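Chains, contacts and geometry: an overview
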Amino acid sequence: MSRLGYNDYNIMRSRSATPLTPEMSKILPYVSDKTISRHLGYAGRSLDMGHAKAYYNPARNAVYSRYSTNDWGMSNSMNFSLSDKERSFAERLRADAWRAVKETDARTRNRQNDITKKLGERVSDIAFWKSELISEISHLETESHNLEGNCFSSSTMLYIHFISSGERVYDITFWKSELNNEISAMATEIENLKEYRRTLEKALGDTANPLHIAEECLMHREKRQGIDLVHDDVERTLIKEVDCIKKCQAKMKKVLDKAYVQLKMNRAAQHAMEIDAKDKHHAQGLDDRMQQLRNSSSGIGYYPGIESIDNTITIPDSWVRYTQENIARSQKERAASERLRGEIDSTLRACANEMWNQFNSVNNSFNTRIRETTDARNKLQAHLQRTMQEIFDMEKNIELLRKAIQDKESPMKVAQTRLDERTRRINVELCNDPVMKSLQREVTEIRESVRILKERLKASELSLARLMKTKATLEHDIGVKDNTVKIDTSYCMGMRKGFPMDPKIGPVFQMPTC
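Since this is a predicted model, take the numbers as computed values, not measurements.

**With respect to the overall build of the protein chain**
When helices and strands are counted, the protein chain shows 10 helices and two strands. Overall, the protein chain shows an N-to-C arrangement of helices and strands of α-α-α-β-β-α-α-α-α-α-α-α. Buried positions account for 40% of the 514 residues belonging to the protein chain.

Structure representation (structure tokens):
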């Protein structure tokens, strides 16, 4: 020990007074308790996963435990309260320790000065009586006495169709023209419906990307830790977004199935009219040629018995009705096809509006949650800085208390040496004089001062352990908040910078029209 310097000696003493000794753990067993509410003495339920509620996550098709936003806010408030409480306690403790150091130092210094003064008075008295005795000895010359004394000192977060009738050839020409017009209109409608169907198929395919992003966000947010595993507005709106996209996909698939059926009906009506038009074209050519036959025409001849052959299958009324029915059927299917195209258009716009609104709602929830988490993290960081400063001050306070205890050794040695030396007085000089009483009181007061300083040192070491526990709790919660902010900003919002739709599909999904 003699080879160690003053600093080395203090280091060795600080190691022997570590707050993690068995005795210290008996005094403060809750320092090792990692539950914030118990560390604070909170009387409510503890915030662990056993008390979190279960919520369904469509991204994993499973049920997970989640805290509520109230639990999250309570945890932050507890951390803030814990930091404020421990720092306030440590500040009061440092102030009490400083007052104890100053008071005991002043009391020791005053007592020592008082005793030194009394010793001087005592020395004067002794010198006087010594001179008196020497004078008396010189007169009596009977005996002699020797007196000795020593003194030591030292310091200090539809078309309507139109029907007319006339001559046979004109009837055929008329209905052939009507059929051709309707066939052309049906062909146009089929192409239009095909184009709408392709748009719908493309839109349905493009909903896979936003659905994937919403599910990815839910998956990423499973990586949150601890109290930040909150069933918050972001998670609720993401689940709504997944449900919204799936409902829109179901609507699109239903309308797409109708489009496939309607295309088949359109083609069937078109095919029936094409056959009818082909037959009328053949009949028209035949009747035109017969109309041109004359007695002088070539190719005429006798066909015995031909007048008795009747291979007809229709009469003029049924013949007209057959074509009218084909045209009416085509017009009916065209009207249904037009209505379906309108339904496709309204479905696309409705789905685009729903998905766009939900997309914005999720983003707004993300931005709000990111601000809340960032604010909580910044407050925790501010509390951490103040707590670390308090730890630094408390360590200085502990060093001061240890030095104050050490500084009491010299005054104690002086007082006890004085008492020891004064026991060597002889005969009647062994007097219980005021000096003797003052020295005895001085030793008692120094011992009481050391006891008070040691109590302050023990309380300071205990407070330092609590401050270190608070520091670890704040650092852990800051890490949890940093992880949450990184997930929400980098992973989730990084994928949600724009509306995840391909603008090449047309104007429907570029921007919703209300």
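**Details of the side chain of T323**
Counting through the fold element by element, T323 comes out in helix α8 (residues 316-407). According to the relative accessible area criterion, T323 is buried, its value standing at 0%. Among the polar contacts made by the side chain of T323, one reaches the side chain of K280 at a distance of 2.6 Å. Ignoring any residue separated from it by four or fewer positions in sequence, one finds T323 in contact with W175, L179, D276 and K280.

**A word on unusual backbone geometry**
The residue N427 is not glycine, and still its phi comes out positive at about 55°. By the element assignment, N427 lies in the loop between α9 (409-422) and α10 (434-492). Overall, N427 belongs to the exposed group, its relative accessible area being 60%.

**A few points about the packing of helix α7 (residues 233-291) against α8**
Interaxial distance between α7 and α8 falls to 8 Å at its minimum, and their mutual angle equals 165°. In terms of orientation, α7 lies roughly antiparallel with respect to α8. In the crossing of α7 with α8, the sense of the turn from one axis to the other is left-handed. Among the residues forming the contact of α7 with α8, the class breakdown is 25 nonpolar, 11 polar and 12 charged.

**A closer look at the confidence of the model for the protein chain**
The share of residues in the protein chain with pLDDT of 70 or more is 75%, and the mean pLDDT across the chain is 78. Taken as a whole, residues 1-50 scores under 50 in pLDDT and shows 60 contacts with residues more than four places along the chain or in a different chain. Below a pLDDT of 50 lies the segment residues 503-514, which in the model reaches 22 contacts outside its immediate sequence neighbourhood of four places, other chains included.

**Brief notes about the state of the cysteines**
Considering all chains together, one arrives at zero disulfides under this definition. The thiol sulfur of C244 is not disulfide-bonded, and the nearest other cysteine sulfur, from C248, lies at 4.2 Å. Judged by relative accessible area, C244 falls into the buried class, the value being 12%.

**Some details on the packing of α8 against α9**
In contact at an axis separation of 4 Å, α8 and α9 are set at 15° when each is read in the N-to-C sense. Classed by the angle they form, the pair α8 and α9 counts as roughly parallel. Contact residues: α8 offers I405, Q406 and D407, while α9 offers E409, S410 and P411.

**Considerations on the pattern of salt bridges**
Scanning the entire structure with this criterion turns up 36 salt bridges. The partner of R236 in a salt bridge is D233, and the shortest N-O contact between them spans 2.6 Å. Residue R236 and its partner D233 are both found in helix α7; the two are separated by three residues, about one turn of the helix. Of the charged contacts in the structure, one is a salt bridge between R424 and D420, with a shortest N-O distance of 2.7 Å. Through salt bridges that share partners, R221, R224, D232, E235, R369, E372 and D488 make up one connected network.

**Structural notes on the nonpolar core**
In this structure, L200, L238, M252, I344 and F366 are the most contacted members of the largest nonpolar core, which totals 45 residues. Breaking this core down by element, the ones donating at least two residues are α5 (168-206), α6 (208-220), α7, α8 and α10. With 15 residues, α7 is the single largest residue contributor to this core. Ranked by size, the runner-up nonpolar core spans 26 residues in total, among them A97, I405, V450 and L457.

**Some details on the environment of A352**
As for its placement among the helices and strands, A352 is situated in helix α8. Along the backbone, A352 and A203 are 149 residues apart, and their C-alpha atoms lie at a distance of 9.4 Å.

**Some thoughts on the side chain of R377**
Looking at where R377 falls in the secondary structure, it is placed in helix α8. For R377, a relative accessible area of 18% translates into the label buried. Among the polar contacts listed, one links the side chain of R377 to the side chain of D482, at a separation of 3.0 Å.

**A closer look at the environment of M394**
By the secondary structure assignment, M394 is in helix α8. For M394, a relative accessible area of 0% translates into the label buried. C-alpha of M394 to C-alpha of L464: the two residues are 70 residues apart in sequence and 6.5 Å apart in space. With residues up to four places along the chain from it excluded, the contact list for M394 reads A90, L93, R94, S460, S463, L464 and L467.

Analysis parameters
- Residues numbered from 1 in each chain as written.
- Predicted model: local features only at pLDDT ≥ 70, side-chain atom pairs only at ≥ 80, totals over all residues.
- Heavy atoms only, no water.
- Helix = DSSP H or I, 4+ residues; strand = E, 2+ residues; numbered from the N terminus.
- Buried < 20%, exposed > 50% of the residue type's maximum accessible area, 1.4 Å probe, protein only.
- Polar contact = N/O pair within 3.5 Å; in protein donor to acceptor, adjacent residues only side chain to side chain.
- Contact = heavy atoms within 4.5 Å.
- Axes fitted to C-alpha atoms, helices over the stretch in contact; angles between N-to-C directions.
- Parallel < 35°, antiparallel > 145°, perpendicular 65-115°, else oblique.
- Left-handed = near helix turned anticlockwise from the far one by under 90°.
- Nonpolar A, V, L, I, M, F, W, Y, C, P; charged D, E, K, R; others polar.
- pLDDT = per-residue confidence, 0-100.
- Disulfide = S-S within 2.5 Å.
- Salt bridge = Lys/Arg side-chain N within 4 Å of Asp/Glu carboxyl O.
- Core = buried A, V, L, I, M, F, W, Y, C linked by side-chain atoms within 4.5 Å.

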